[in-house]
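# Examining the three-dimensional arrangement
Take a look at the letters that make up each chain.
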Amino acid sequence: MSKIGSKICQNSDLDEVRRLLAPHTTRVYLVGGCVRDTLLGREIYDYDIEIYDIYPHKFDALMQSIGASGVGKSYFIYKFKNFDLGLPRSESKTGERHKDFAVSYINDPRTACLRRDFTINAMMINIFDGELLDFYGGRDDLRGQILRHIDEAKFCEDALRVLRGVQFSARLGFTIAPETLNLMKKLPLENLSRERINAELVKFFKAPNLHIGARYLFELNLLGWLFGKFVGGEFKGLCISRQEFDKFNALLKNARKFVSDERLFIYLLCGYFGLDARANLERLKLPKSFFSVEKEPFFKDEPSDFELMKIALKKPLKFWLGCYDESRINRAKELKIYDERFSPDIKMNKILTLGLKGEQIGAEIKRRQEAAIREYLTKTDRD
């Protein structure tokens, strides 16, 4: 038994599943991402489990006996605690929509693995004895940090795998094999729903290696397909040269070292290329949490100390997306606005005695805030 297999077998989270299934089968496997992440030494939160040698009617009865909930229409996956339990199956595309698949029960693990997208997601570990099944070289690709498709025909049945490859490259820091990248270039994404597209984009936005995924978006001609300008209300895809992209991507790579926020990619892309953030977010139907990026000031050139202080009126600069490099962080710390807001002592009651109304009050507050900033910078000998 491998060390990894032994570790899995000793996992108490799986004890209840083992007790339930042991009288019926010994071929029960962890599959997909949880195996990949186990081999990478990453934390596992959810388990996908595939159960062999139990036919559908018996499987359904067992799942109902523990109160597991079935999800899916053509083929049940049962959710029980942090486990997704299912039977092995094969899938064949029957139409253009993502639901247009014929699904059938199949009790052979090698064949069942063909429906997986990449070799690193097609490994299996037996929850009883720790046996690792790796029919398509996933462990070698894991060591080589490579994303490689398993079967050309199966891979091309779902164009979403293009975006899955992009977000995996960004999350894991992996390279996409040339033959797989060539396949991805041939797959059109037009028939994918916005919901499926943005689910993968959100995973990409959270990834530590944004610059790797961004480069693949550019090479696949998807950066301009996903994002762009709006002329007269009509979407015009982003069209930039490789040189322009390389400059942007270098900025993105460096910024990710300092900012882990999932909004960073949208912030930098829209700011750097002058895109309407809200229009792009609405077009992609991205979560509302991303829309606050509109309120984040962007400076393509270095902001002045005065401009930094103005931002600090609203929040400490450690919470500003634009504080994405060592220079800006150090300047914010020197100004004492990295961990704390700048809060000038402005007496509202004195402003109200001036007899100002509506917008005049706001303008006076702004004037006094800016005066306080200038005074502060003068005292600290900063311009």
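Not measured: the values here are computed from a predicted model. (Residues numbered from 1 in each chain as written. Predicted model: local features only at pLDDT ≥ 70, side-chain atom pairs only at ≥ 80, totals over all residues. Heavy atoms only, no water.)

## Here's the deal with the packing of helix α8 (residues 160-172) against helix α11 (residues 210-219)
Put simply, the rule reads: Each axis is a line fitted through C-alpha atoms, and for a helix only the stretch in contact is used; angles between axes span 0 to 180 degrees, taken between their N-to-C directions. Secondary structure elements are taken from DSSP: a helix is a run of H or I of four residues or more, a strand is a run of E of two residues or more, and numbering for both begins at the N terminus. In what follows, roughly perpendicular refers to angles from 65 to 115 degrees, roughly parallel to angles under 35, roughly antiparallel to angles over 145, and oblique to any angle outside these ranges. Handedness of a helix crossing follows the sense of rotation of the near helix relative to the far helix, less than a right angle counterclockwise being left-handed and clockwise being right-handed. Contacts were defined at the residue level, with two residues in contact if any of their heavy atoms lie within 4.5 Å. When residues are sorted by character, Ala, Val, Leu, Ile, Met, Phe, Trp, Tyr, Cys and Pro go into the nonpolar class, Asp, Glu, Lys and Arg into the charged class, and all the rest, Gly among them, into the polar class.
Put simply, α8 and α11 touch, their axes get as near as 7 Å, and they point 150° apart. For the element pair α8 / α11, the angle class is roughly antiparallel. The chirality of how α8 crosses α11 is right-handed. Of the residues in α11, those touching α8 at L163, V166, S169 and A170 are I212, G213, Y216 and L217. Looking at the contact of α8 with α11 residue by residue, the class counts come to 6 nonpolar, 2 polar and no charged.

## Regarding the pattern of salt bridges
To be explicit about the condition: By definition, a salt bridge exists where a carboxyl oxygen of Asp or Glu is found within 4 Å of a side-chain nitrogen of Lys or Arg.
Tallied over the entire structure, the rule returns 31 salt bridges. Ionic pairing is found between K315 and E296, a salt bridge with its closest N-O pair at 2.5 Å. Note that K315 is positioned in the loop between α16 (305-312) and α17 (326-334) and E296 in the loop between α15 (277-284) and α16, a separation of 19 residues in sequence. Connected through salt bridges with shared partners, the residues D261, R263, E296 and K315 form a single ionic network.

## Some remarks on the sheet that holds strand β9 (residues 132-133)
Under the convention used in this document: A pair of strands is treated as paired once DSSP finds two or more bridges between them.
The 7 strands lie next to each other as β3-β4-β5-β2-β1-β8-β9, forming an open sheet whose pairing is mixed. Among the strands making up the open sheet, the edge pair consists of β3 (69-71) and β9. Against the sheet, helix α4 (residues 56-65) touches β2 (47-51), β4 (77-80) and β5 (83-86), its axis set at about 20° to β4.

## A short note on the packing of aromatic side chains
Any aromatic ring pair is given by two values, namely how distant the centres are and how the planes are angled relative to each other. Convention followed: By convention, a stacked pair of Phe, Tyr or Trp rings (six-membered ring in the case of Trp) has centres within 6.5 Å and planes under 30 degrees apart, an edge-to-face pair has planes over 60 apart, and any other such pair is tilted. Classification of residues uses two cut-offs on accessible area relative to the type maximum, computed with a 1.4 Å probe and protein chains only: under 20% is buried, over 50% is exposed, and between them is partly exposed. Note on criteria: charge over ring means Lys NZ or Arg CZ within 6 Å of the ring centre, with the direction from the centre no more than 35 degrees off the ring normal.
This model, assessed by the stated rule, comprises 22 aromatic pairs. An angle of 50° between the planes, with centres 6.5 Å apart, marks the rings of F245 and F248 as tilted. Taken together, the residues span about one helical turn, with F245 and F248 both in helix α13 (residues 242-256) at a distance of 3 residues. For the pair F245 and F248, one class covers both residues: buried. For the pair F248 and F273, a centre-to-centre distance of 5.4 Å together with 50° between the ring planes defines the contact as tilted. Residue F248 is found in helix α13, and its partner F273 is found in helix α14 (residues 264-273); the two are separated by 25 residues along the sequence. In this structure F248 comes out as buried when scored by relative accessible area, which is 0%. Pairwise contacts between aromatic rings join F204, F205, F218, F227, F245, F248, F265, Y272, F273 and F290 into one cluster. Residue placement shows K333 over the ring face of Y338; its charged tip is 5.1 Å from the ring centre.

## So, the nonpolar core
This is how the line gets drawn: What makes a nonpolar core is a set of buried Ala, Val, Leu, Ile, Met, Phe, Trp, Tyr and Cys residues whose side-chain atoms join them at distances within 4.5 Å.
Judged by nonpolar contacts, the single largest core of 109 residues is most densely connected at I49, L223, F227 and F265. Among the elements that make up this core, the one with the highest residue count is α14 (9 residues). Setting aside anything within four residues of it in sequence, one finds F227 in contact with F205, F235, G237, L238, F265, I266, L269, L275, N280 and L284. The next biggest cluster of nonpolar side chains, apart from the first, holds 10 residues, and it includes Y29, Y52, L133 and I150.

## So, α15
Short version of the rule: In the analysis that follows, any N or O atom pair within 3.5 Å is treated as a polar contact, provided that within protein one partner can donate a hydrogen and the other can accept it, and provided that, for residues neighboring in sequence, both atoms belong to side chains.
Within the sequence span of α15, burial applies to A277, A279, N280, L281 and L284. Elements that come into contact with the buried residues of α15 comprise α10 (194-205), α12 (223-226), β12 (228-231), β13 (234-237) and α14. Structurally, the start of α15 carries an N-cap: the backbone nitrogen of R278 is 3.1 Å from a side-chain oxygen of D276. Just downstream of α15, K285 is the residue with a positive phi angle, here 60°.

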